[in-house]
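Structural features, examined
Now for the letters of each chain:
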Amino acid sequence: MYGILLESIVTFIKKTYSEEKWELIQTTARIDQENFSAHQVYAETLIPRIVDACHLHLGLPKDEILSAFGKTFVDFISQYGYDKILKVVGRNFRDFLNGLDNIHEYLRYSYPKLKPPSFFCEQESRTGLILHYRSRRRYDGFTQYVMGQLKAVGRSFYKQEITVSILRQETTGNMVHVTYQLTFDNSAYQVKAVTENTTNLPLRMDVFYDLFPFHILFDREMVIRSIGKSLRATVDEITGYDVTQVFSLKKPLIEFNWDSIISRTNTMFELATIDPIRGKEEAEDDTYMWFDEKGKKRSSVVTQEDDNGTFLRLKGQMLFVKEWESMLFLGTAV
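Treat the numbers as computed from the prediction; the structure is a model and nothing was measured.

Description of unusual backbone geometry
Looking along the chain, the bond that leaves Lys-251 and enters Pro-252 is cis, with omega of -5 degrees. On the secondary structure map, Pro-252 appears in the loop between strand S8 (247–251) and helix H12 (258–262). The backbone of Ser-18 sits at a positive phi, close to 135 degrees, despite the residue not being glycine. Residue Ser-18 is classed as partly exposed on the basis of its relative accessible area of 22%. Positive phi, close to 50 degrees, is recorded for Gln-123, a residue that is not glycine. Accessibility expressed as a relative area gives 59% for Gln-123, which makes it exposed.

This is the structure we're talking about:
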């Protein structure tokens, strides 16, 4: 995690309880650093240790401590100017919630090693909505931390009191999935049909291919129907393949299927090739190469976690094209 989270916690403890209390907590939590740098990465175990020490020396429930940490973070980041970003995300709280993934995407420019969570809204009504939170941070405490942040944003930027409760929490592999019920004045909500996210493309195909050289067009069955010319020059022929067999979905942290995608077309998507791109795998030992049922050469030498430029990553937007009954990914290489 980045030091800006730890900075906000230390500042909160010192201001609320005293410098001496922080020194006691610091010793108990086995923290050697006197100060934290906002843009430096620190161990994920530091916050759990601080929480345990606060629980011991302050006599407060851990959930209450974490919620307070989340609330104070919203105020703390104003000194870095990030409050201005939060204020322009949307005119109301629902717009803010629907734009959370895009906020984190923006922050990756300043914090390149950031591994942000992913948020998804559903079952929206004029009295609130259900918010899904997915994160690779398996520490349960961040569930309460996020609740504190949501309440603070609602109060500070939208003058609303937000009620947050946990409906469900589960861990699958290295992913934590929490479902929140948020209750607030959501009078800005209007029922909108899915077709709101559709688009018409009055372009000749040759012009379209020139404009979007890394596009991917796939149908409801997730079968690739068309790819851009630059993408075709980078990977083997993938038309006719299931897109989930060729690419993995890196962002947002949702299931890679039609229903999940069509409900998130206002979000930035990031895809990565499952196999090394053309030219990168040719130097590898053929012992590790194999061919699938369509004769496509596959590699099992490296994984995306070992990626040092071996895999192609694409970032862009998903659009539902009604005339083609297909999803169009308009991406660019990153």
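Brief notes about the packing of aromatic side chains
Scanning the model with the defined rule gives 14 aromatic pairs in all. Centroid distance Trp-258 to Phe-320: 5.8 Å. Interplanar angle 85 degrees. Geometry classified as edge-to-face. With Trp-258 in helix H12 and Phe-320 in strand S12 (residues 313–321), this residue pair connects regions lying 62 residues apart in the sequence. Each member of the pair, Trp-258 as well as Phe-320, carries the same accessibility label: buried. An aromatic cluster is present here, built from Phe-93, Phe-96, Tyr-158 and Phe-184 joined pairwise through their rings.

Details of the packing of helix H3 (residues 46–58) against helix H4 (residues 62–76)
Between H3 and H4, the shortest axis-to-axis distance is 9 Å and the interhelical angle comes to 125 degrees. The angle between H3 and H4 places the two elements in the oblique class. You can see that H3 and H4 cross each other, and the crossing is right-handed. Here Ile-47, Ile-50, Val-51, Asp-52, Cys-54 and His-55 of H3 lie close against H4, whose contacting residues are Lys-62, Ile-65, Leu-66 and Phe-69. Taken together, the residues that form the contact of H3 with H4 break down as seven nonpolar, one polar and two charged.

A word on the pairing of strand S4 (residues 175–183)
With seven of nine residues buried, S4 is to be regarded as a mostly interior element. As paired elements, strand S2 (residues 128–135) and S4 share eight bridges and run antiparallel to each other. When the sheet's bridge partners are listed, Arg-134 is paired in S4 with His-177. Sheet topology places strand S3 (residues 163–172) next to S4; nine bridges connect them, and they run antiparallel.

Each value, and the rule that gives it
Residues numbered from 1 in each chain as written. Predicted model: local features only at pLDDT ≥ 70, side-chain atom pairs only at ≥ 80, totals over all residues. Heavy atoms only, no water. Helix = DSSP H or I, 4+ residues; strand = E, 2+ residues; numbered from the N terminus. Buried < 20%, exposed > 50% of the residue type's maximum accessible area, 1.4 Å probe, protein only. Phe/Tyr/Trp six-rings, centres within 6.5 Å; stacked < 30°, edge-to-face > 60°. Axes fitted to C-alpha atoms, helices over the stretch in contact; angles between N-to-C directions. Parallel < 35°, antiparallel > 145°, perpendicular 65-115°, else oblique. Left-handed = near helix turned anticlockwise from the far one by under 90°. Contact = heavy atoms within 4.5 Å. Nonpolar A, V, L, I, M, F, W, Y, C, P; charged D, E, K, R; others polar. Pairing = 2+ DSSP bridges.

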